[in-house]
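Reading the structure
The primary structure of each chain is shown beneath.
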Amino acid sequence: MKHPPLRLVLAIGALAVIGLLAWLLFFRDGEARTLTGYIEGDRVYLAAPVSGAVVQLYVREGERVAAGGRTFLIDPQIQRAQAASAAAAVGAAQARTEDLRKGDRAQELAVFDAELNAALASQHEAEAEFGRIEPLVRQGIYAPARLDQVKAARDSARAQTAAVRRRREVAELGAREDAISQAEQQAAQAAGGLNEAEARLGQLAPAAPRAARVEEVFYRPGEWAAANAPVLALLPDDEITLVFFVPQAEMARYRPGQTVRFRCDGCEGEGAARITWVSPRPEFTPPVLYSKGSRDRLVYRVEAEPQNAARLNPGLPVDVMPLAAR
């Protein structure tokens, strides 16, 4: 059997190597020509400012919660008692302020009325005595000193009547303005304490700040949670970011506001994302996601806000279609 010439074998081998290299460069690099990236997410941790037992958990891991939705509840008994005490203090301060504005009660005013009637009776008696003695003094029946006595008694009775009447008027006016102002400030202080107590009570059952996915639950009902210790972690939809890397030579094509298309395993069709940030500094390609051939190239980190972010999981690798040159 005649063997093919050695040159022919070498030529065929060289063609095979060239073909393999071409496949690696074009077909596999065709895959690498898509910009590789991943999904990144920032958690939001919900906690209560005070220690207490978790009495209710309204969500489970993996579930979605709407913005403002209930998440968990720390035992509110102590805070409810504090809020009730603060509410009672507000009521007492407001009642005292109103009482100072109103002046004395009707029963107290009645005492002044009785004193005024007695003073008027004494005045009338003194007036009558003065009217009886004055002509007798002019006739010489009584000495002038007698007239001085009854005149002094009359003037004293008039002054007493005027004093009682003035006290009666003051009693109707209520307390002094500065006393009322002080009472109003105390009522405002009590109202502030009530607002603080109600705010603390509301912090025992924090609501979801935004639409999110429940990533992890750290405490279950019945467990004691320390103050400011996260009870659960949420992954808000607007905290999910598409991160990919653009070669240095293509970096000028990518600007905030542009839209890129991407694919990911398990995703139905292509997704779209709006670029929100482009790094001003280059960095070396992350070796975890890239081939040896591209590992040492300088790239720029680009972040984009994906549409339908709720269906994307952090850490999911994605392939981003590069933007065409303009």
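Here we summarise the structure given alongside this text. (Residues numbered from 1 in each chain as written. Predicted model: local features only at pLDDT ≥ 70, side-chain atom pairs only at ≥ 80, totals over all residues. Heavy atoms only, no water.)

Quick notes on the pattern of salt bridges
Here the structure, examined in full by the defined rule, presents 19 salt bridges. A salt bridge links Arg213 to Glu215; the nearest nitrogen and oxygen atoms lie 3.7 Å apart. Take Arg213: its relative accessible area is 9%, and that puts it in the buried class. Of the charged contacts in the structure, one is a salt bridge between Glu303 and Arg301, with a shortest N-O distance of 3.1 Å. Residue class for Arg301 comes out buried when judged on its relative accessible area of 15%. Each of Arg43, Arg213, Glu215 and Glu216 takes part in salt bridges that share partners, so that together they form one network. (Salt bridge = Lys/Arg side-chain N within 4 Å of Asp/Glu carboxyl O. Buried < 20%, exposed > 50% of the residue type's maximum accessible area, 1.4 Å probe, protein only.)

As for the pairing of strand β1 (residues 35–41)
Bridge count between β1 and strand β13 (residues 317–320): four bridges; the pairing is antiparallel. Bridge assignment links Leu35 to a residue of β13, and that residue is Val320. As defined by bridge partners, β1 adjoins strand β9 (residues 240–247) across five bridges and the pair is classed as antiparallel. Note on β9: the bridge partner recorded for Tyr38 is Val243. (Pairing = 2+ DSSP bridges. Helix = DSSP H or I, 4+ residues; strand = E, 2+ residues; numbered from the N terminus.)

So, the pairing of strand β2 (residues 44–47)
Residues Val44 and Leu46 line the buried face of β2, whereas the alternating positions Tyr45 and Ala47 sit on a face that is not buried. Bridge count for β2 against strand β8 (residues 230–236) is four bridges, and the pairing is antiparallel. Each bridged residue has a counterpart across the sheet, and for Tyr45 the counterpart in β8 is Ala233.

Overview of the environment of Arg64
With respect to the element layout, Arg64 can be found in strand β4 (residues 64–65). Its relative accessible area of 42% is what places Arg64 among the partly exposed residues. Considering only alpha carbons, one finds Arg64 and Arg213, 149 residues apart in sequence, at a separation of 4.4 Å. Discounting residues that sit within four places of it in the chain, Arg64 has contacts with Ala211, Ala212, Arg213, Asp237 and Ala310. (Contact = heavy atoms within 4.5 Å.)

Let's talk about the sheet that holds strand β12 (residues 298–306)
Around the barrel, six strands lie side by side as β1-β9-β12-β11-β10-β13; this closed barrel has antiparallel pairing. Here the average twist between neighbouring strands, direction ignored, is 45°. Summarising the sheet, strand β11 (residues 271–284) and β12 pair through eight bridges and their orientation is antiparallel. Across the sheet, Pro282 pairs through a bridge with Tyr300, a residue of β12. (Axes fitted to C-alpha atoms, helices over the stretch in contact; angles between N-to-C directions.)

As for the state of the cysteines
Going through the model one piece at a time under the given rule, you end up with one disulfide. Disulfide pairing places Cys264 opposite Cys267 at an S-S distance of 1.6 Å. Of note, the bridge from Cys264 to Cys267 carries an S-S torsion of about -85° and is left-handed in sense. (Disulfide = S-S within 2.5 Å.)

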